[in-house]
Amino acid sequence: MTAKLYYDDTYAREFDAHIVSQSEHDGKFHITLDRTLFYPGGGGQPCDLGTLDGVNVVEVVEHGEDIIHITASRVEGENVHCAIDWTRRFELMQQHLGEHLFAGSLWNLHHIHTARMRIEGDNVSIDTDIPADMTKILEAEAAANEAVWADIPVEVIFPDMAEIRERARKLPPENAIPPIRIVKVEGVDYVPCCGIHVSSTGQAGPVKVISCENHKGGSRIYLRCGRPAYRWIASVHNELRKAEAELVCGY
């Protein structure tokens, strides 16, 4: 069993570990450590990347109770110093919590349920169970950003099933075995989630809706949160300034 350090401290960046096993599969090496900060991905959040003694980790997956670190080359020795790609990790935590703030606001304001979430690069996409018009979407965006400015603590709790059934905007699968991990943002969201997030809502923002399209009887909404949102806003602003300069007429 790999000890999951990423649940103990989501802000830790480096750690030392012992190699439990290492095997080659199709030219890549699958390495199991006794402990890890590398999040293997789940719930729409991609895995962490980084290095094991300087060797690049190209993928991380969960297999039973083990976390498998996949590298392109063999890692020598039995004990390794490991580092996660912190810039990537922090932005993924921002994006995931930003999605919680938006999805929670969409549910609280309009009872529109989020059926699926996925983070791909700078984009966060969510699929809703019923169509969401742009007025409702922008109301949820505004509420999510109000939550950012309120800087609410993010709690991870393991309540009993009665409380989960009463409070959660989304119930865990019927075959889920307690204890159930709940991510709680007071007044905004209360939902089962295996992902990792920044520790307060103030670190997640801004939250910006990019576009929306019809999808399977509902809506697919694209967001950017945190640094990716800032990069997008800055890029759009720069393009507008360029267009403005090109369209100025001299007299």
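Scroll up for the structure.
Residues numbered from 1 in each chain as written. Predicted model: local features only at pLDDT ≥ 70, side-chain atom pairs only at ≥ 80, totals over all residues. Heavy atoms only, no water.

Visitor: When you look at the sheet that holds strand 3 (residues 28-33) in this model, what are you seeing that I'm missing?
Guide: Within a beta sheet, neighbouring strands are joined by backbone hydrogen bonds and run either parallel or antiparallel to one another. One closed barrel holds the six strands; their spatial order is 2-3-7-6-5-8, and the pairing between them is antiparallel. The mean inter-strand angle of the sheet, taken between neighbouring strand axes irrespective of direction, is 45°. (Pairing = 2+ DSSP bridges. Helix = DSSP H or I, 4+ residues; strand = E, 2+ residues; numbered from the N terminus. Axes fitted to C-alpha atoms, helices over the stretch in contact; angles between N-to-C directions.)

Visitor: Is there a simple way to explain the environment of Asn145 in this structure?
Guide: Positionally, Asn145 belongs in helix 3 (residues 134-150). Overall, Asn145 belongs to the buried group, its relative accessible area being 9%. Considering only alpha carbons, one finds Asn145 and Leu101, 44 residues apart in sequence, at a separation of 8.0 Å. Not counting residues up to four positions away in its chain, the partners in contact with Asn145 are Pro206 and Val207. A polar side-chain atom of Asn145 sits 2.7 Å from the main-chain carbonyl oxygen of Val207. (Buried < 20%, exposed > 50% of the residue type's maximum accessible area, 1.4 Å probe, protein only. Contact = heavy atoms within 4.5 Å. Polar contact = N/O pair within 3.5 Å; in protein donor to acceptor, adjacent residues only side chain to side chain.)

Visitor: How do you make sense of the pattern of salt bridges when you look at a structure like this?
Guide: Two side chains bearing opposite charge may form a pair once their charged atoms approach each other closely. Counted by the stated rule, this structure contains 12 salt bridges. One salt bridge connects Arg89 with Asp48, and the closest N-O pair in it is separated by 2.7 Å. Highlighted residues: Arg89 in helix 2 (residues 86-110) and Asp48 in the loop between strand 4 (35-36) and strand 5 (50-52), separated in sequence by 41 residues. Linking Arg220 and Asp127 is a salt bridge whose minimum nitrogen-to-oxygen distance equals 2.7 Å. (Salt bridge = Lys/Arg side-chain N within 4 Å of Asp/Glu carboxyl O.)

Visitor: Could you clarify how one ought to interpret the nonpolar core in this entry?
Guide: Here is a general trend for soluble globular proteins: nonpolar side chains tend to be buried in one another's company. Of all hydrophobic cores here, the largest spans 54 residues; its most connected members are Phe15, Leu33, Phe38, Leu52, Leu101, Phe102 and Ile221. Considering each element in turn, this core owes the most residues, eight residues, to helix 2. Excluding its chain neighbours within four sequence positions, the residues that come into contact with Ile221 are Phe102, Leu106, Val124, Ser125, Ile126, Thr128, Ala132, Ile137, Val209, Ser211 and Cys212. Residues Ile164, Ala168, Ile182 and Tyr190 belong to the second largest nonpolar core, which totals six residues. (Core = buried A, V, L, I, M, F, W, Y, C linked by side-chain atoms within 4.5 Å.)

Visitor: Hey, could you run me through the pairing of strand 6 (residues 55-63) in this one?
Guide: A regular strand places its side chains on the two faces of the sheet in alternate fashion. By the bridge criterion, three bridges tie strand 5 to strand 6 in an arrangement that is antiparallel. Across the sheet, the residue bridging to Thr51 is Asn56, located in strand 6. If you look at the hairpin formed by strand 5 and strand 6, you'll find two residues sitting between the two strands, and Asp53 has a positive phi there, around 50°. Pairing of strand 6 with strand 7 (residues 66-71) involves six bridges; the strand directions are antiparallel.

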